Amino acid sequence: MVDYPWANVKRLDMPGPAREPKPKPKPKPRPRPRDQWTTIQDYFERDNERRFQLEGLHGKGGQGCVYKVKYTPVAENAVSRFLVVKIADPSTATKFDVNLVWKEKRFMETYRGCKHVVRLSLGPDDPLAPAKDELGWAWLYMENLENGTLFDFQYKMEQRSSPLENALLWLLFLCAIRGCIALEYPWDNRDENETMRRSLPQPTGLVHADLHCGNVMFGSWLDDPEHDILPVMKILDFGLSYIQPSGGLETGMQRNQEDVGILMAGVITGEYYSKYVSAEIEIDISKFGGATNVLAPAARLLGDAEMGDSDPYPYLKCAETEQYCGTNPK
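Everything numeric here is computed off the predicted structure, so don't read it as measured data. (Residues numbered from 1 in each chain as written. Predicted model: local features only at pLDDT ≥ 70, side-chain atom pairs only at ≥ 80, totals over all residues. Heavy atoms only, no water.)

> An account of the overall build of the protein chain is needed here, citing residue identities and associated values.
Counting its secondary structure elements, the protein chain contains 8 helices and 10 strands. In the protein chain, buried positions account for 45% of the 330 residues. For the protein chain, contacts bridging at least 24 residues in sequence account for 61% of all contacts bridging at least 6. In the form shown here, the protein chain has an accessible surface area of approximately 19,600 Å², with 53% of it arising from carbon and sulfur atoms. (Helix = DSSP H or I, 4+ residues; strand = E, 2+ residues; numbered from the N terminus. Buried < 20%, exposed > 50% of the residue type's maximum accessible area, 1.4 Å probe, protein only. Contact = heavy atoms within 4.5 Å. Areas by Shrake-Rupley, 256 points an atom, 1.4 Å probe, with all protein chains shown as cover.)

> Any details on the confidence of the model for the protein chain? Residues and values, ideally.
Confidence in the prediction of the protein chain, expressed as mean pLDDT, is 81, and 81% of residues score 70 or more. Per-element confidence in the protein chain is highest for strand β7 (residues 233-235), whose mean pLDDT is 97, and lowest for helix α8 (residues 318-325), whose mean pLDDT is 54. Predicted confidence is poor over residues 1-20, with pLDDT under 50, and the contacts of this stretch with residues over four places away or in other chains come to 0 contacts. Across residues 28-33, where pLDDT falls below 50, the model places 3 contacts with residues more than four positions away in sequence or in other chains. (pLDDT = per-residue confidence, 0-100.)

> Got a sec to walk through the packing of aromatic side chains? Specific residues and values, please.
Here the structure, examined in full by the defined rule, presents 9 aromatic pairs. Relative to Y141, the ring of F52 has its centre 6.0 Å away and its plane inclined at 40 degrees; by these criteria the two rings are tilted. Remark: Y141 occurs in strand β4 (residues 138-143) and F52 occurs in strand β1 (residues 52-60); sequence separation between them is 89 residues. Take F52 and Y141: they sit in the same class, and that class is buried. Directly above the ring of F82 sits K68, whose terminal nitrogen or CZ lies 4.4 Å from the centroid. Here the guanidinium or amino end of K132 rests over the ring plane of W102, the centre of that ring lying 5.2 Å away. (Phe/Tyr/Trp six-rings, centres within 6.5 Å; stacked < 30°, edge-to-face > 60°. Lys NZ or Arg CZ within 6 Å of the ring centre and 35° of its normal.)

> How would you summarise the sheet that holds strand β3 (residues 81-88) if you had to cite specific residues and measurements?
If you trace the 4 strands from one edge of the open sheet to the other, you get β1-β2-β3-β4, paired in antiparallel fashion. At either end of the open sheet lies a strand with only one pairing partner, and these are β1 and β4. The average undirected angle you get between the axes of adjacent strands in this sheet is 30 degrees. The sheet contact formed by β3 and β4 spans 6 bridges and is antiparallel. By the bridge assignment for β4, V85 is matched with Y141. Across the face of the sheet, helix α1 (residues 36-45) comes into contact with β1, β2 (65-71), β3 and β4 while running at roughly 150 degrees to β1. This element, helix α2 (residues 95-109), spans β3 and β4 of the sheet and lies at about 40 degrees to β4. (Pairing = 2+ DSSP bridges. Axes fitted to C-alpha atoms, helices over the stretch in contact; angles between N-to-C directions.)

> With reference to specific residues and values, describe the pattern of salt bridges.
In this structure the tally under the stated criterion is 9 salt bridges. One salt bridge in this structure joins R178 and E226, with 2.7 Å as the shortest N-O distance. In this pair, R178 sits in helix α5 (residues 166-184) while E226 sits in the loop between β6 (216-218) and β7, placing the two residues 48 residues apart along the sequence. Summarising the burial analysis for this pair, R178 and E226 share the class buried. Of the charged contacts, one joins E250 and R255 as a salt bridge, the two residues approaching to 3.9 Å between their closest N and O atoms. Looking at R255, the relative accessible area reads 27%, which means it is partly exposed. Counted as one network, the salt bridges with shared partners bring together K86, E104 and D237. (Salt bridge = Lys/Arg side-chain N within 4 Å of Asp/Glu carboxyl O.)

> So what about the pairing of β2? Which residues, and what values?
Burial analysis of β2 places 5 of its 7 residues in the buried class, the great majority of the element. Between β1 and β2, which pair antiparallel and follow one another directly, the connecting turn spans 4 residues. Direction of pairing for β2 relative to β3: antiparallel, over a ladder of 7 bridges. Residue pairing in the sheet places Y71 in a bridge with R81 of β3.

> How would you summarise α2 if you had to cite specific residues and measurements?
Here α2 spans 22 Å end to end across 15 residues, near enough to the 21 Å set by a 1.5 Å rise per residue. Listed in full, the buried residues belonging to α2 are D97, V98, L100, V101, E104, F107 and M108. Looking at the buried positions of α2, the neighbouring elements they touch are β3, β4, β5 (206-207) and β8 (242-243). (Expected span 1.5 Å × (residues − 1).)

> Before we move on, could you go through the environment of V85 and cite the residues and values that matter?
In this structure, V85 sits in strand β3. Judged by its relative accessible area of 0%, V85 is buried. Considering only alpha carbons, one finds V85 and V66, 19 residues apart in sequence, at a separation of 5.5 Å. Residues contacting V85, with those up to four places away along its chain left out, are C65, V66, Y67, V69, L128, W139, L140 and Y141.

> Would you mind going over a nonpolar patch on the surface in detail, with residue names and values included?
Together, F151, Y155 and Y273 line one region of the surface with nonpolar side chains, adding up to about 360 Å² of accessible area. Position of F151 relative to the elements: it lies in helix α4 (residues 150-158). (Patch = residues over 30% accessible without salt bridge, like charges linked within 9 Å, V, L, I, M, F, W, Y side chains within 5 Å.)

> How would you explain the nonpolar core if you had to name every residue and give the values?
If you look at the biggest cluster of nonpolar residues, it comprises 56 residues, and the most contacted ones within it are L150, L172, M233, F238 and V260. Residue assignment for this core shows that the elements contributing at least two residues are β3, α2, β4, α4, α5, β6, β7 and α6 (252-269). If sequence neighbours within four positions are ignored, L150 has contacts with L172, C213, V216, F218, M233, L263 and V267. Listed in part, the 17 residues of the second largest apolar core include F52, V85, W137 and W139. (Core = buried A, V, L, I, M, F, W, Y, C linked by side-chain atoms within 4.5 Å.)

This is the structure:
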């Protein structure tokens, strides 16, 4: 039985014949919204252990502001680490935005143990806890991904005179597709790469729905072959995510895979400032376990041989380009 969001809402009593309307009570005056920075500092100072220190504004997103925080655990010889906190404030955002942040936090709880998805941080004893009732805030703490977004990476690469090497493209693709696998089949092993070659849990059906170069970020350098040239790249920002119902034409994983293919196409063509679009052509991905003639928006990457187009990116290995294009064949 489908659990609709309105399933537990009681049926409204109809008003019947018109009556003299009752006078509406006067609304209580809303407190003037305080400066958010000062308010966060006030909450942090209530912590007797002084574990939290506000470092700076990390950025602004669709649902609210993101701040960098220095966190020092209460332990002898404890090592401080940086976190980021995302806050939606109903005095500066909408109630819808506040609900999106709570929804995002619930989704992220599922992916705490995944290597290529940003991780939630902290648990109990949160000094911001009173802000939910006192101010109506929604917030979440995340690990600090210190090496910037894919957008930043592409901007820097644009300054080079030569295109991205095949090895770099392949490593970016591996991180993105491993993150895609994690979204569908989350597991609790932060030290191993996500792969389909394991016992898979029940699929989540989650569609990220906002996978672009600003919503994937580079974290730390890791001691493994896939992350010694580039730091690990992780998927974040689940504010627009939703669960794809089973039994449809596409699964959640297929939707995410298509977005990964479009993401990679944008990296190859240098379109980090807008979404890659292209005409569809038939491609053969049978060497990757797919069909021999599938439609994919790949005309700008492979050229259309039937129309006499030359290879627009001859420096790329053809097999890898075809795999990017065929990530989610139609």
